[in-house]
Amino acid sequence: MSEGPHELSAERVVDALESRSDGLTHDEVRRRLEEHGENDIVQGGGRSPVDIFVAQFDSVLIWVLLAAAVLSIWAGHAVDAILIAIIVVANGVFGFVQDYRAERSLESLRELAAPTATVRRDGETREIDAIELVPGDVVVLRGGDVVPADGRLLETTDLEVDEAALTGESVPVSKSTAPVASETPLAERESMVYKGTSVTRGKGIAVVTGTGMETEVGEIARELAATEETRTPLQDELDELGRNLGIGVLVLSSLVVPLLLFRGTAAIPAALTAVSLAVAAIPEGLPAVVTLTLALGVRQMAEENALVRRLPAVEALGAVDVVCTDKTGTLTKGQMTVSRLWVNDTVVDVDSSGAGANERTEREELLLRIGALCNDSTLEDGDPTEQALLEVAGRHGIDVETLRSENPRSGEVPFSSERKWMGTVHGDVGYVKGAPEVVVSNCDRVLTAGGPKPLTGDRRDRIETTVEEFGDDALRLLAMAYREEPLDSDDLADGLTFVGLTGMIDPPREEVADAIAVTKRAGIGVKMVTGDNVRTARAIADSLGIGTAVLEGGEIERMDDETLRDRVASVDVFARTSPEHKVRILQALQKRGNDVAMTGDGVNDAPALKNADVGVAMGIRGTDVARQASDIVLLDDDYATIERAVERGRAIFDNIWKFVAYLLSANVAEVALVFLASLYGYLILPAVQLLWINLLTDGLPALALGADPESGDVMDRPPRDPDRGIIGRPMLGLIAGIGAVTTVVTLALTFYTLEGAAEVTAYAMTMVFTAFVFLEFVKLYVIRWLRETPTLSNPWLTAAVAASIVLQLAVLYTPLNRYFGTVPLEPSDWGVIGVVLAVCLPAYVAIASLVRRIER
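Residues numbered from 1 in each chain as written. Predicted model: local features only at pLDDT ≥ 70, side-chain atom pairs only at ≥ 80, totals over all residues. Heavy atoms only, no water.

(A) Spotlight on the packing of helix 18 (residues 512–521) against helix 25 (residues 639–679). Across the interface, helix 18 lies against helix 25 with an axial gap of 8 Å and an inter-helix angle of 30 degrees. Between helix 18 and helix 25, the angle falls in the class roughly parallel. Pair helix 18 / helix 25 crosses with left-handed handedness. On helix 25, the residues touching V512, A515, I516, V518 and T519 of helix 18 are Y639, A640 and E643. (Axes fitted to C-alpha atoms, helices over the stretch in contact; angles between N-to-C directions. Helix = DSSP H or I, 4+ residues; strand = E, 2+ residues; numbered from the N terminus. Parallel < 35°, antiparallel > 145°, perpendicular 65-115°, else oblique. Left-handed = near helix turned anticlockwise from the far one by under 90°. Contact = heavy atoms within 4.5 Å.)

(B) Quick look at the layout of surface pockets. Taken as a whole, the largest pocket spans an internal volume of roughly 1300 Å³. V171, P172, S174, R476 and L477 are the residues nearest the centre of the largest pocket, which is lined by 43 residues in total. Counting residues per element, the ones that place at least two in the lining of the largest pocket are strand 5 (173–174), helix 14 (384–395), strand 14 (429–434), helix 16 (436–441), helix 17 (457–472), strand 17 (476–484), strand 18 (496–505) and helix 19 (534–544). Across the lining of the largest pocket, the residue classes break down as 17 nonpolar, nine polar and 17 charged. (1 Å grid on protein atoms, 1.4 Å probe; cavity = no way out; pocket = protein on both sides within 12 Å on 5 of 7 lines; lining within 4 Å. Points joined across faces, edges and corners; volume = space filled by probe spheres on them. Nonpolar A, V, L, I, M, F, W, Y, C, P; charged D, E, K, R; others polar.)

(C) Region of interest: helix 29 (residues 762–786). Taking 1.5 Å per residue, 25 residues should reach 36 Å; helix 29 reaches 36 Å between its end C-alpha atoms and fits that length. Where burial is concerned, most of helix 29 is hidden: 21 out of the 25 residues are buried. Immediately downstream of helix 29, the backbone of E788 shows phi near 60 degrees, a positive value. (Expected span 1.5 Å × (residues − 1). Buried < 20%, exposed > 50% of the residue type's maximum accessible area, 1.4 Å probe, protein only.)

(D) Spatial organisation of the pairing of strand 10 (residues 337–343). Within strand 10, six of the seven residues are buried, which leaves it mostly tucked inside the rest of the structure. Where strand 10 meets strand 18, five bridges bridge the pair, whose relative direction is antiparallel. Paired with L341 across the strands is T502, a residue of strand 18. As paired strands, strand 10 and strand 11 (residues 346–349) are joined by four bridges and run antiparallel to one another. Paired with R340 across the strands is D349, a residue of strand 11. (Pairing = 2+ DSSP bridges.)

(E) Summary view of unusual backbone geometry. You will see that E18, though not glycine, has its phi angle at about 55 degrees, which is positive. Relative to the helices and strands, E18 is located in the loop between helix 1 (10–16) and helix 2 (26–36). The exposure class of E18 is exposed, given its relative accessible area of 59%. Its identity is not glycine, yet N305 carries a phi of approximately 70 degrees, on the positive side. One can find N305 in the loop between helix 11 (285–303) and strand 8 (306–308).

Spelled out as structure tokens, the structure:
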């Protein structure tokens, strides 16, 4: 079919598919099954646990570390190699645990398939495995069924389908057999049903137009399979850092080793110097500490109802400058609530607490009674709109069960999408509720405070004006009317007396407006992307402070990518969007240089979630497909949780900045000291001592930095620019300045303690080794001060520093010293180390103060 099945008559679709109302024959089914394949979602090859584990070691930093381990073994220093291996494996295990459940989106898509389908074949109605359906099959749909394939409706009886998982439509959609225009958005194609959606009530018969990968869900699966995993700025920076360090190590080794050999140093000592330079240059703990700090952030975020599936997403939140959010259930409560009544020129705002129930008028009482009696639902089960009518009646003092038992139903006219109203008969009175334009057209009187009056033109105009005003406020409207002494159910549509209107809304969450205000203050744009209609979407967005500039899905269809890219920044609300629209919106923002967090809950959202810089799925109402395609899952489906997650992500990035500056400034000083000392023929810090410095000072203390409290201005800053990187000019200045001071002072200590010796002594190594450790602790608190973190605000850090000092003393004063080549120090030696600290501290503070001024 060159034309879409939604725009053709049912008869033309059946003819085009060479089908018939009593179904296909067995032979025809077998032929089509061979031609089209099974009605199944084809899965891509997911990563095995082994692949995931191996991927943890795909880092230049890790490769350089492994090379240093091999070199250590060759030089006969197995202890150094073992320590490096432990660090590498620990980092791999932490990453593996977090990534194990990734890449499961396509498996989840299969779970959407209906296991069985009711189908007409060879003139008989039978139940078959849904996987056996073929285009042209005629399927029977009933309330509670999962739609087994895409299909064009041939017959409907009060058919409603929940398409939220596919289109984002917040309420069930009434279906009909009438064709719709070719450009009609997916959410408004009333003549179609789609694989994986759910029939909420009524019955229908449809001819299958698409199976397997040729369905809307299949198209999403295909797009999802083609989507590559996105990388965060921090991941790219760590790889770049690893490459630069690797090059630096090669350059230094190519200079030092030949120089030492030329001066007469033996090959083994020269190789050991090269190993020491490699160990000094590489921040061994950086991958593990980054991973562990992100994992700590994951735990903290889980306590705030944000479950992180990919560790780097925590850091990526710090760079987000646009949040594209769903409406239903994220910005709103996800449930219909009656918020306003109207009876003949009187507007009644309904208090959610039920206040004012005793003051309601007889007309308001009648309006609530009609809503409760002309109703097929219960509070526990049924249509969300009808449940809202029961709930508001109960809140206002009406016992629905008693009301129904005292007014038994003696006749009814069921709701249908063609009629757009339903009616019930209770003795000598009939009640009607339905679409205002239909109900009002069948009324000739209106109930006023003085009793029923003729429904004149002026009164009709006032009703129409009220309908428009309620609609502008995003209210879903139902009109209520009655007829006294109906002859039978068929008479209900004539001679009605109009009572009033009920306005329902899926109300915004109370905390969301404040959360959006905080998000915007932080320099992050907020855009609503929804399948709902324009009027509803604009009203909700306006009430929450998002904005009112709207772009419809139909307009997006007519735009090329360049035009959309130019428009997307100025749009606040995208309404009536399809799966393709959501991905195009995301790509348009990313092409503008934005880092985008995208929320979603349905199957249709999976490609956008996976392509986003940070994909955020809903945990309560979200489909498994959306959750598996996302980076973060909101356990409470609340936008305010996104705001808290962004705040936590920024705080974690601050902490990462601190310990990256902390680690690299130490490594710069270590490299410079080892290199300069080697030029004089001294290997002042062997590899095992350098590893101990890195493990001791970069281990527990650096990890404890991850628990540092956030600064008070974390959400008053604009998003960080990922292109500037974590290692920008301020950090480079800090690293160079502190590194230079440390190198000069420790080199001076080297010559002071050697006292002109021709070779390095154990005493000199121990003094320089110990001084370096304590300088690291001093520098740690200076860097925290630079980031305006109170000194004693982190008890974990205090404990970590204390533990590290104890461990350092252990390698000096216990038998462990023979493994590290150290000797016990005398009190006078500690006095010398105290002088070293006293010299460096003011210099460190001066450098940090200068960096702070540069940053501001």
